[in-house]
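Summary of the model geometry
Now for the letters of each chain:
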Amino acid sequence: MASNAMTTENRLFDNRVNCWSLMTTMKVQDYLDLVESAYLNRGGLNYQRVALTTTSGRRIRARMVNDITQGAILPPVVLGVVVEECEFKKIADQSFDDTENAIVGEWKDCVSIIDGMQRTTALQEATKKKPEVAEGVVRVECWVSSKTDSLIYRMLVLNTGQVPWNLKRQLQVVYAPLVEELKAHVKFERLLNPNTAERRTKGGEFSPESLIEAYLAFGLRKTDIDTQESLAEEFSRLDMAEAIATGKYSHYFYPVVQLLVDLDKAFSRLDQLDADIEESLVSLKFKSGRHIFDSQPARIGFVVACSLAILGRLGSDRSLDESRTALLTIEKGASKLIERLSIMSIDELRVFLGLDVLSERVQGQKRSAIGRYERTFFETAFKVLIEVRFELPTLEVCWRA
């Protein structure tokens, strides 16, 4: 082998997705200290795999622990860090040591374990079994970016983790930074805390999990997104990667979520009902305006209807100019409708929303198929709303489509 066949570059810039990749080695104890908070929070990422507890999983980890105590070198663990744009721009002019110091210093709270929960658990157990393991080394690769999209793209296209994840889980591992980006781009009333099982009490409140699913539905442009078959999953992976690569999410997903929030708040003006009317609505599934988007199928249906209108159907994508025009048309129509709703009396709003018709159309379906039916129903309904540019006498037109 030629003497220069192997390089010592430990920091590379990925021009494709605007992301730095840093490869280093750390003392085991330093690594465990760095990821302690992230590990306790399932990798710092919701839906990250926790340490395996199955019989086979424990046996495999026991073997790994034994190998570590005998001096085995593990495959690199992979960490992800999403930092502010101003901090990201500094990296190019920093030394590798300065960037590494930032990761273990001021960026420590931004660190998440993308791939390596099981190895981290094994390292913890090995250090307890044999304390001198803490002085050993572990290889660490760290992806640093200013955008969540970059990490998602890396995971969908380039990541070859030891245990394959399905598409939905791969997106959920960047859950935390994605939600932070949503907070920066969308004016929510409140994001619900998933750890305390908070529930919606008014319009404009959403759970992070529902937004993650909406993110996936937006990219795939379909309401049925539980793609478990391997062939379908591969096509879904490519579809998502294509959408991310062209920057469509950053341009269009956040404005669509803002429209969802604004319409939800406008519909929720009907939350205040008098006692007589409340009694007459007891049997209805949708009793108030807020209840429309209490329903995840309604949220998914709205997002997918917007996605199809803005991006086009898969395999027949709109150009960027066409997509921008479509978004502006939707935003203009929705803005006029929201302004119209704001000056309606409560009685007028009740008539406009047509909750009795909506409830009748949704109720009566077989429980085993109700979720799929509702998603398709709301997608069709909101397609009509978009087609008529939000100009219609009542939403009954949509509910009867």
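Bear in mind that the values here come from a model prediction, so they are computed numbers and not experimental data.

Across the five residues that make up strand β4 (residues 111-115), a large majority, five, are buried. Two elements, strand β3 (residues 77-82) and β4, share four bridges in a ladder whose sense is antiparallel. In the strand pairing of β4, V81 is matched with V111.

A separate point is helix α17 (residues 346-353). Because each turn of an α-helix spans 3.6 residues, side chains separated by three or four positions in sequence point in the same direction. Residues of α17 that are buried include every one of L349, F352 and L353, and no others. Mapping the buried residues of α17 onto a view down its axis gives an arc of 90°, with all of them on the same face. The first or second residue beyond α17 is G354, which carries a positive phi of 55°.

Positioned with a positive phi, R389 is a non-glycine residue whose angle comes to about 60°. Take R389: it is sitting in the loop between α19 (370-387) and α20 (396-399). At F390, a position not held by glycine, the phi torsion is positive, near 65°.

Turning our attention to the packing of helix α15 (residues 296-311) against helix α16 (residues 320-342). Viewed as axis vectors pointing N to C, α15 and α16 meet at an angle of 135°, and their least axial separation amounts to 7 Å. In terms of orientation, α15 lies oblique with respect to α16. Contacts between α15 and α16 pair C306, A309, I310 and L311 from the former with S323, A326, L327 and I330 from the latter.

The subject of this paragraph is the pattern of salt bridges. For the structure shown, the criterion picks out 16 salt bridges. Residue E135 pairs with K27 through a salt bridge whose shortest N-O separation is 3.0 Å. One end of the pair, E135, is in the loop between α6 (117-129) and β5 (137-145); the other, K27, is in strand β2 (residues 19-27), with 108 residues separating them in the sequence. Taking the relative accessible area as the measure of exposure, K27 reaches 34% and is therefore partly exposed.

Tracing the backbone shows F302 in helix α15. We classify F302 as buried; its relative accessible area is 1%. Each C-alpha atom, one on F302 and one on I386, is 9.6 Å from the other, the two residues being 84 residues apart in sequence. Non-local contacts of F302, meaning those with residues more than four positions away in its chain, are made with V256, L259, L260, L263, F293 and F382.

Each value, and the rule that gives it
- Residues numbered from 1 in each chain as written.
- Predicted model: local features only at pLDDT ≥ 70, side-chain atom pairs only at ≥ 80, totals over all residues.
- Heavy atoms only, no water.
- Buried < 20%, exposed > 50% of the residue type's maximum accessible area, 1.4 Å probe, protein only.
- Helix = DSSP H or I, 4+ residues; strand = E, 2+ residues; numbered from the N terminus.
- Pairing = 2+ DSSP bridges.
- Arc of directions from axis to C-beta.
- Axes fitted to C-alpha atoms, helices over the stretch in contact; angles between N-to-C directions.
- Parallel < 35°, antiparallel > 145°, perpendicular 65-115°, else oblique.
- Contact = heavy atoms within 4.5 Å.
- Salt bridge = Lys/Arg side-chain N within 4 Å of Asp/Glu carboxyl O.

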